[in-house]
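# Fold and contact review
Each chain, written out:
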Amino acid sequence: MGAEIDYEGFIKELDIRLKGYFESFGDNIKCKRGCSDCCERGDYPLSDVELAYLMQGFTELDIHRKAEVKENIKNMVKGGVCPFLINKECSVYSYRPIICRVHGLAYFYKDKKVKIPYCVNNGKNFSDVCEGEIYTVQPINLNLDTYHILEGFYSEIKNMYDWFHTDNDTNSVV
Ligand code: SF4
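Let me sum up the structure you'll find in this document. (Residues numbered from 1 in each chain as written. Predicted model: local features only at pLDDT ≥ 70, side-chain atom pairs only at ≥ 80, totals over all residues. Heavy atoms only, no water.)

## Some thoughts on the site of the ligand
Here is the rule: Near is defined per residue: the residue qualifies when any heavy atom it owns lies within 4 Å of the molecule or strand. Residue polarity is assigned by list, with Asp, Glu, Lys and Arg as charged and Ala, Val, Leu, Ile, Met, Phe, Trp, Tyr, Cys and Pro as nonpolar; anything else, Gly included, falls into the polar class.
The ligand sits among Cys-39, Tyr-44, Cys-82, Phe-84, Leu-85, Cys-90, Arg-96, Pro-97 and Cys-100. Split into classes, the residues belonging to the shell around the ligand amount to eight nonpolar, no polar and one charged.

## As for helix α3 (residues 48–59)
Quick note on the threshold: Numbering of helices and strands runs from the N terminus, with a helix taken as a DSSP run of H or I at least four residues long and a strand as a DSSP run of E at least two residues long. The length a helix should cover is 1.5 Å for every residue beyond the first. Relative accessibility thresholds used throughout: buried, under 20% of the residue-type maximum; exposed, over 50%; partly exposed, between the two (1.4 Å probe, protein chains only).
Spanning twelve residues, α3 covers 16 Å between terminal C-alpha atoms, matching the ideal 16 Å at 1.5 Å per step. α3 sits mainly inside the fold: nine of its twelve residues count as buried. All of the buried residues along α3 are Asp-48, Val-49, Glu-50, Leu-51, Tyr-53, Leu-54, Met-55, Gly-57 and Phe-58.

## Considering the environment of Phe-126
The condition that has to hold: The contact criterion used throughout is that any non-hydrogen atoms of two residues lie within 4.5 Å.
Within the secondary structure, Phe-126 is located in the loop between β5 (114–115) and β6 (130–131). Judged by relative accessible area, Phe-126 falls into the buried class, the value being 0%. When the C-alpha atoms of Phe-126 and Ile-29 are compared, they prove to be 6.7 Å apart, with 97 residues separating the residues in sequence. When near neighbours in sequence (up to four residues on either side) are disregarded, Phe-126 contacts Phe-25, Asn-28, Ile-29, Gly-104, Leu-105, Ala-106, Ile-116, Pro-117, Val-120 and Val-137.

## A word on unusual backbone geometry
Trans is the prevailing form of peptide bonds, just as negative phi is the prevailing case for residues other than glycine. The phi torsion at Asn-87 lies on the positive side, around 50°, for a residue other than glycine. Mapping Asn-87 onto the fold places it in the loop between β2 (85–86) and β3 (89–90). Classification of Asn-87 by relative accessible area gives exposed; the value is 68%.

Distances and angles like these do not, on their own, reveal function.
Here you go:
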């Protein structure tokens, strides 16, 4: 890790900003408690800073949940269900990575590509304003607001599977 960073302070401010973004999309957002479409398939890319914070959440779980997450991590497949998802809810919600916090929004990311959440295909977010590749919604410029701000502090961003299955130090954490 590079310079020290007040990651928790950053996350608090980010959450306030994201709340505003979610509200600005109004009825296009169908997110609600118990919906876990975003956590059931994906790569969940995250940095070392985010991983350390996520594992802080893990250490606060009770013994049963810890065991369940450990088992999930062992059985995790690339692109599949997130191991922290238990009974369709995030077991480490306050500690979840940035990618999870922005899930559900329509935004520009690298190379000016537009990210529309996968759940559009399930009749959820932005399904009212998307027809195949065509959409009538103004995506927000999230890339600048999140990853770029932290870029200087990142050593590396890897998919969650790779952190747990190819990095021995991280493996020993769980
Ligand atoms: S960390 Fe939590 S919010 Fe993020 S994908 Fe996993 S279960 Fe979902």
